[in-house]
Amino acid sequence: MVTAGYLFYVAVLSAGYYYNLTFVQLGIIDLGTRLVGLTASQVSGAMAGFAVAALVVAVVTGRMMDRVGWSSDLRVKLRILFFVVVGQTLLTVTAPLVGTPVQFFVWVLVCSVTLGVGMPVTFSLMIDLIPIRHRGGIAAVVAGLAFFAAAVYPLQWRLVEFARVMCALMVPAVVVMAVLAFRRLRMVEVWSCQHERFGVGRFVRGADPGTFRFVFWISVVLMFSVFFIDSLGFLRIIDTPVFIYTSWQSPELGVRLFIGASHVLGAAMAGVLYTVFGRRWLFLWILGLFAFTHLLYTFQLGTAPSGIDPPLSLPFFYVLAVSFYTTLNFALWPDLSTPANIGIRTGLGVGIAGWLASFLSTSLALYSRDIGLSLLEHLRYVNALALLLAVGYPVALYLRRMRALANLREAS
Amino acid sequence: MSLSLIPLLIAALFLASGEPEVETVQLILSRDHQVTEHEGALIVGDATVTIPPGARVPGPVYVIGGELRVAGEVAGDVTQLAGTVSVEAGAVIAGELQHVAGTLSIDSATEIGRRTSLDLTGSGTAAPGSGLLPGMSLALLLAGVGYLLARRKPNALANVSTAVRAHPVVTLTVGTLAFLTAISTLVFMAFTLVLIPVTILGLIVGVLTLGYGLVGWGHLVGTFLPIHRRGLATALGVVVLMAVLSLVSLVAVVGDLVVAALILSGMGAVLVTYYGVAPFRPEPLPD
């Protein structure tokens, strides 16, 4: 039954993240610009609004879950999740029918509500289903599966293609969710009690509330920065034919399999590092990898003559960094929470660091394209941000350690 | 880019940095390319590069893999470190054509400033078993290092071997990640030309770390041998390990992967124990 819990968690989170990566992040751009005919600036505005709405809904939902005790009631969470999946299925089916700007903005608003509700509910399932010892590994499986699937299929990043794949996944998912949420199953009964054993997160145990709050907000800031840098650079990179058609959208299956396998490798590494070393080392690797990757891209853009294909090491390091932080994102928020506050913590964590950062940077990337900023100039800004973080984080850790040692000396 | 090209790439960059007129370097890594105009040094990797009739490139050109076909003119030198070079009828190499290794074919109707050959791979009929010599020499060298380390720094070696035995997944992960990022950073630094000395220093440290990891593995193998003298057990353990690695590498693909995993986990063990200074202890987790 415990293994079934692992499988259920992996299925829900990897399908949910695949939905987020493909249908939502890339599909909305295609829907707004190509199918509805809006300008890039209008779509970027809609995406920024989407992010803010999703964040507000996630925080409100998370707060409510904690207040009324739903955060530690698995059956209620499964019922909410059932309605979220039904809503998202309807949105998926209706997406290709959206044809006017008004319909587009309404569709985006409803989409943000379902995602906002879904965020704290799905991320908080970890405290019911996954023991602390296995969180890094399971988070790696989720990230690896979602990214591998997204890298391999579909080839065309078109809303209709995404909608077809998502419908095939979501219709059976609705049935499974209905059975789990509304029928009395022994398996669900067992899962419902597990949070009493491993609900208190790894980084919360033994920490005083002040330190805990500080660690949580630092993690939010760091994850926000990582998500922001990723989307800011990625959206412009995939706009550039020489980069996208030699990597993520290469007509050669071997290249796409390489990208998918690199995601799996990166996620597996992150899972091991998270379990053994903790979050600080992982943040260091993530920031270092992003800085190095953007350095590679700017170097390639600045020096390689036209007509020369970029080497695969560029997307390789990119996907490694992305898999690292995605794995961390799945495991971190439950490990910074207790059953009493997992709703608000995951709502804030995933909402601010994940959604708000991704969509704000996506809209900024669309804006920079709209005003005619060249890719090299754009990536220079991204690179500067990445380098600043890669250098600033270890310096901050060092200063913090220095302060702790000074306090210790004063106390003695 | 295949990993085997990296040492040759760094060698080519090193040679290019010694050319006073070279300010930029272009590396061509894959597919077919026709080069008609170009500035700075050109390095041919796993690609087919053609200089067509009537085209003139300044050089120098370094071939570290793939194929270079010269039908036009190279104003500077051409150095072949590996791969194939074809100098076709009517082609001109105004500088020196230096052949170090690889296949070279030259049409009789060509104009070459100077031809030199430096055969580092050996020529003539090889003595039976001579292919084993480099491997045996390396095994003996590592065995000697293992003997000394086991006698003088037994705790350091014990820390490394305990890490590979008790935490193989962690050491393999750290080793792989460190290797991938380090090798890419070193290549990246080499491209700046100015940082080539740092690259060479980094490569030396990397090779020493890999060697230390193998000695750590040898120490572990030595603990299973019926020998009580620590130094001797480690030395023999290294020899046994190297022999086993040579045999395993005969199996295509899987053998290479096993050998790579073993070497990388050794490297990871060296890193997580801070070169053997402290035993590796993973962060404690609640049950």
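Here the structure is a predicted model, which is why all the values come from computation and not from measurement.

How each quantity is defined
Along each chain, residues carry numbers from 1 onward, in the same order as the chain's sequence is written. Whichever chain is written first is A, and whichever ligand is written first is 1; the rest continue in order. Only residues with pLDDT of 70 or above have their local features reported here, since the model is predicted, and side-chain atom pairs are shown and tallied only from 80 upward, although totals for entire chains, interfaces and linings are computed over all residues. Only runs of H or I of at least four residues qualify as helices and only runs of E of at least two qualify as strands under DSSP, and these elements are numbered from the N terminus. Taken over C-alpha atoms, the radius of gyration is set against a globule rule of 2.2 Å times the number of residues to the power 0.38. To sort residues by burial, count the other C-beta atoms lying within 10 Å of each one's C-beta; a count of 20 or more means buried, 12 or fewer means exposed, and anything in between means partly exposed. C-beta atoms are built from the backbone. For the purpose of contact definition, each residue receives a C-beta atom placed from its backbone, and two residues are in contact when these atoms lie within 7 Å. A set of buried residues qualifies as a nonpolar core if it consists of Ala, Val, Leu, Ile, Met, Phe, Trp, Tyr and Cys joined through C-beta atoms within 7 Å. Where a domain begins and ends is set by an automatic assignment or by a domain database. Gly is placed with the polar residues, together with every amino acid not listed as nonpolar (Ala, Val, Leu, Ile, Met, Phe, Trp, Tyr, Cys and Pro) or charged (Asp, Glu, Lys and Arg). To get an axis, a line is fitted to the C-alpha atoms, and for a helix only the part in contact is used. The angle between two axes follows their N-to-C directions and goes from 0 to 180 degrees. Each angle gets one of four labels, with under 35 degrees taken as roughly parallel, over 145 as roughly antiparallel, 65 to 115 as roughly perpendicular, and the rest as oblique. For any pair of crossing helices, the crossing counts as left-handed if the nearer helix is rotated counterclockwise from the farther one by less than a right angle, and right-handed if it is rotated clockwise. At least two bridges found by DSSP between two strands are what make those strands a pair. Here the expected span of a helix is defined as 1.5 Å times the quantity of residues minus one. Looking at any residue, its pLDDT shows the predictor's confidence there, from 0 to 100.

A.B. asks: So what's going on with the overall build of chain A? Residues and values would help.
C.D. replies: Within chain A one finds 16 helices and zero strands. Compactness check: chain A gives a C-alpha radius of gyration of 21 Å against a globular reference of 22 Å for 412 residues, within 12% of the reference. If you line up chain A on its principal axes, its C-alpha atoms span 60 × 60 × 40 Å. Out of the 412 residues in chain A, the part that is buried amounts to 53%. In chain A, of all internal contacts separated by at least 6 residues, the share reaching a separation of at least 24 is 88%.

A.B. asks: Report on the nonpolar core, specifying residues and quantitative values.
C.D. replies: Val142(A), Ile286(A), Ala321(A) and Phe324(A) are the most contacted members of the largest nonpolar core, which has 175 residues in total. The residues contacting Ile286(A), other than those within four sequence positions of it, are Val226(A), Ala321(A), Phe324(A), Tyr325(A) and Leu328(A). In terms of nonpolar packing, the next biggest core, distinct from the first, is built from 40 residues, Leu9(B), Leu27(B), Ile64(B) and Ala190(B) among them.

A.B. asks: Would you mind going over the interface of chain B and chain A in detail, with residue names and values included?
C.D. replies: Listed per partner, the contact involves 19 residues of chain B and 17 residues of chain A. If you list the elements that add at least two residues to the side of chain B that touches chain A, you get β1 (25–28) and α4 (168–191) of chain B. With eight residues, the single largest contributor to the side of chain B that touches chain A is α4(B).

A.B. asks: Go over unusual backbone geometry, please, and point to the residues and values.
C.D. replies: All names here are of chain B. The backbone of Val253 shows a phi angle near 60°, a positive value even though the residue is not glycine. Topologically, Val253 is positioned in the loop between α6 (230–248) and α7 (254–272). Of the residues examined, Val253 has 7 C-beta atoms within 10 Å and is grouped as exposed. Backbone geometry places Tyr274, a non-glycine residue, at a positive phi of 50°. Relative to the elements of secondary structure, Tyr274 occurs in the segment after α7.

A.B. asks: I'd like a rundown of the domain arrangement of chain B, residues and numbers included.
C.D. replies: Residue and element names in this part refer to chain B. For chain B, the assigned domains read domain 1 (5–117) and domain 2 (132–272). Summarising the inter-unit geometry, the C-alpha centres of domain 1 and domain 2 are found 36 Å apart. Listed as interface residues are eight residues of domain 1 and, on the opposing side, eight residues of domain 2. With seven residues, helix α1 (residues 5–17) is the largest single contributor of residues to the side of domain 1 that touches domain 2. For the side of domain 1 that touches domain 2, the per-class residue count stands at seven nonpolar, one polar and no charged.

A.B. asks: Now, about the environment of Gly392(A): what can you tell me, with residues and values included?
C.D. replies: Structurally, the position occupied by Gly392(A) is in helix α16 (residues 375–411). Sequence separation between Gly392(A) and Phe123(A) is 269 residues, and the spatial gap between their C-alpha atoms is 29 Å.

A.B. asks: I'd like a description of the packing of helix α1 (residues 2–35) of chain A against helix α4 (residues 101–123) of chain A, backed by residues and values.
C.D. replies: Residues and elements named next belong to chain A. Where α1 contacts α4, the axes come no closer than 12 Å and their chain directions differ by 160°. Accordingly, the angle class assigned to the pair α1 and α4 is roughly antiparallel. Note on packing geometry: the crossing formed by α1 with α4 is left-handed. Contacts from Val12, Leu13, Gly16, Val24, Ile28, Leu31 and Gly32 of α1 reach α4 at Phe104, Val108, Cys111, Leu115, Gly118 and Thr122. Considering only residue class, the contact of α1 with α4 consists of nine nonpolar, four polar and no charged.

A.B. asks: Report on the pairing of strand β10 (residues 84–87) of chain B, specifying residues and quantitative values.
C.D. replies: Put simply, side chains in a regular strand alternate between the two faces of the sheet. Residues and elements named next belong to chain B. Burial of the side chains of β10 is restricted to one face: Val85 and Val87 are buried, whereas none of Thr84 and Ser86 on the reverse face is. Pairing geometry for strand β7 (residues 67–70) and β10, over four bridges, is parallel. Paired with Val70 across the bridge in β10 is Val87. One ladder, built from four bridges, connects β10 with strand β12 (residues 103–106); its direction is parallel. Bridging across to β12, Thr84 finds its partner in Thr103.

A.B. asks: So what's going on with the sheet that holds strand β4 (residues 48–51) of chain B? Which residues, and what values?
C.D. replies: Residues and elements named next belong to chain B. Reading across from one edge, β2-β4-β7-β10-β12 is the order of the five strands in this open sheet, with parallel pairing throughout. A single partner strand is all that each edge strand has here, and the edge strands are β2 (32–34) and β12. Across the sheet, the mean angle separating the axes of adjacent strands is 10° when strand polarity is ignored. Relative to β4, β2 is paired through three bridges, and the arrangement is parallel. Considered in β4, the bridge of Gln34 is made with Thr50.

A.B. asks: So what's going on with α4(B)? Residues and values would help.
C.D. replies: For α4(B), spanning 24 residues, the distance from its first C-alpha to its last is 34 Å, which sits close to the expected 34 Å at 1.5 Å a residue. The set of residues buried in α4(B) consists of Val170(B), Thr171(B), Leu172(B), Thr173(B), Val174(B), Gly175(B), Leu177(B), Phe179(B), Leu186(B), Ala190(B) and Phe191(B). Elements in contact with the buried residues of α4(B): α12 (253–277) of chain A together with α1, β1, α3 (154–166), α5 (196–222) and α7 of chain B. Leu193(B), located one to two residues past α4(B), shows a positive phi value of around 65°.

A.B. asks: Any chance you could break down the confidence of the model for chain B for me, citing the residues and the numbers?
C.D. replies: The predicted model of chain B averages 86 in pLDDT, with 93% of residues at 70 or higher. This complex was scored by the predictor with a pTM of 0.81 and an ipTM of 0.80.

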